[in-house]
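If you want the building blocks of each chain, they are given just below.
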Amino acid sequence: MRDDTALDAWEAYRRLRLHVDAEVARDLERASGLSMADYDVLAALAALSGGEHCIRVRGLTEHLHWAHSRLSRQLGRMEQRGLVDREKCELDGRGEDVVLTDAGRRAHDRAAPVHLDAVRRHFTGALSPEQLAAFTAIARHITP
C-alpha cells in the first residue's frame, strides 16, 4: 500500500470520528443537558448495574477505556449534580461502588432515545447495511 493511501484512510477516519462525535454530542447536549462524557458514564452504569455485584471505579474505568484520573474527575462533577454517588462496597467493605442515583437513571432514560436518534441521523442512517457490516468488521479487526 502506498503511504498516500494509508494517510488518506487515516485522515478520513479522523474526520469521520470528529464529525460524528461532535454532531452526536451537540444533539445530546441540546436535548438533555448531558455531555457525551456524562452520557457515557450513565449508560455504562445502567448497563452494569443489573447484577448484584459492586461497580467499582476500576471496573468502570476498564469498561469505558478511560484513564482513572479522567473518570475520577468526571464522577466528581456528576456527584455534584446528583447523577451518581460513590459508596463503600457492601459485599466486602473495601473500595467504592459507583451508584446510579434516581436522578441519574431518569437522566439516562430521557437521554437514551436522543442519543440513539443522533447516532442514526449522523452515522448509521447514512450507511447501507453492507457498509455497516463492513465498518463493523473493520473495527472489530483493529480493536481487541
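The coordinates are above.
Residues numbered from 1 in each chain as written. Predicted model: local features only at pLDDT ≥ 70, side-chain atom pairs only at ≥ 80, totals over all residues. Heavy atoms only, no water.

### Some points on the overall build of the protein chain
A tally of regular secondary structure across the protein chain gives six helices and two strands. For the protein chain, the sequential pattern of α-helices and β-strands runs α-α-α-α-β-β-α-α. If you line up the protein chain on its principal axes, its C-alpha atoms span 55 × 30 × 25 Å. Relative to its 144 residues, the protein chain shows a buried fraction of 27%. Within the structure as shown, the protein chain displays about 9600 Å² of accessible surface, and the carbon and sulfur contribution to it stands at 54%. The averaged location of the 23 negative side-chain charges in the protein chain is 2 Å from the averaged location of its 21 positive side-chain charges. (Helix = DSSP H or I, 4+ residues; strand = E, 2+ residues; numbered from the N terminus. Buried < 20%, exposed > 50% of the residue type's maximum accessible area, 1.4 Å probe, protein only. Areas by Shrake-Rupley, 256 points an atom, 1.4 Å probe, with all protein chains shown as cover. Lys, Arg positive; Asp, Glu negative; His and termini not counted. Charge placed at Lys NZ, Arg CZ, Asp CG, Glu CD.)

### So, the packing of aromatic side chains
On inspection of all chains with the given rule, the structure shows two aromatic pairs. Taking 5.1 Å as the distance between ring centres and 70 degrees as the angle between the ring planes, the aromatic pair formed by Phe123 and Phe135 counts as edge-to-face. Here Phe135 lies in helix H6 (residues 129–142) and Phe123 lies in the loop between helix H5 (102–122) and H6, a separation of 12 residues in the sequence. With relative accessibility at 18%, the residue Phe123 sits in the buried group. Overall, Phe135 belongs to the partly exposed group, its relative accessible area being 36%. One Lys or Arg, Arg70, reaches over the ring of Trp66 and ends 3.8 Å from the middle of that ring. (Phe/Tyr/Trp six-rings, centres within 6.5 Å; stacked < 30°, edge-to-face > 60°. Lys NZ or Arg CZ within 6 Å of the ring centre and 35° of its normal.)

### Overview of the side chain of Thr61
By secondary structure assignment, the location of Thr61 is in helix H3 (residues 57–64). Those residues in contact with Thr61 that sit more than four places away from it in its chain are Trp66, Ala67, His68 and Leu71. (Contact = heavy atoms within 4.5 Å.)

### Considerations on the side chain of His108
Residue position: His108 is located in helix H5. A polar contact of 3.5 Å, which involves the side chain of His108, links it to the side chain of Asp109. Filtering out sequence-adjacent residues up to four positions away, His108 remains in contact with Tyr39, Leu42, Ala43 and Ala46. (Polar contact = N/O pair within 3.5 Å; in protein donor to acceptor, adjacent residues only side chain to side chain.)

### Some details on the pattern of salt bridges
Considering all chains together, one arrives at six salt bridges under this definition. With a shortest N-O distance of 2.7 Å, Arg26 and Glu23 are connected by a salt bridge. One end of the pair is Arg26 and the other is Glu23, both in helix H1 (residues 3–32) and three residues apart, which spans about a single turn. Classification of Arg26 by relative accessible area gives partly exposed; the value is 35%. Between Arg121 and Asp117 there is a salt bridge; the shortest N-O distance is 2.4 Å. You can see Arg121 and its partner Asp117 sitting in helix H5, four residues apart, about one turn around the helix. (Salt bridge = Lys/Arg side-chain N within 4 Å of Asp/Glu carboxyl O.)

### Quick notes on H3
Buried within H3 are the following residues: Val57, Leu60, Thr61 and Leu64. One face of H3 carries all of its buried residues, which in axial projection span an arc of 105 degrees. Along its buried surface, H3 packs onto helix H2 (36–48), helix H4 (68–80), strand S1 (84–88) and strand S2 (96–100). (Arc of directions from axis to C-beta.)

So far we have only geometry, and geometry alone does not tell us how the molecule works.
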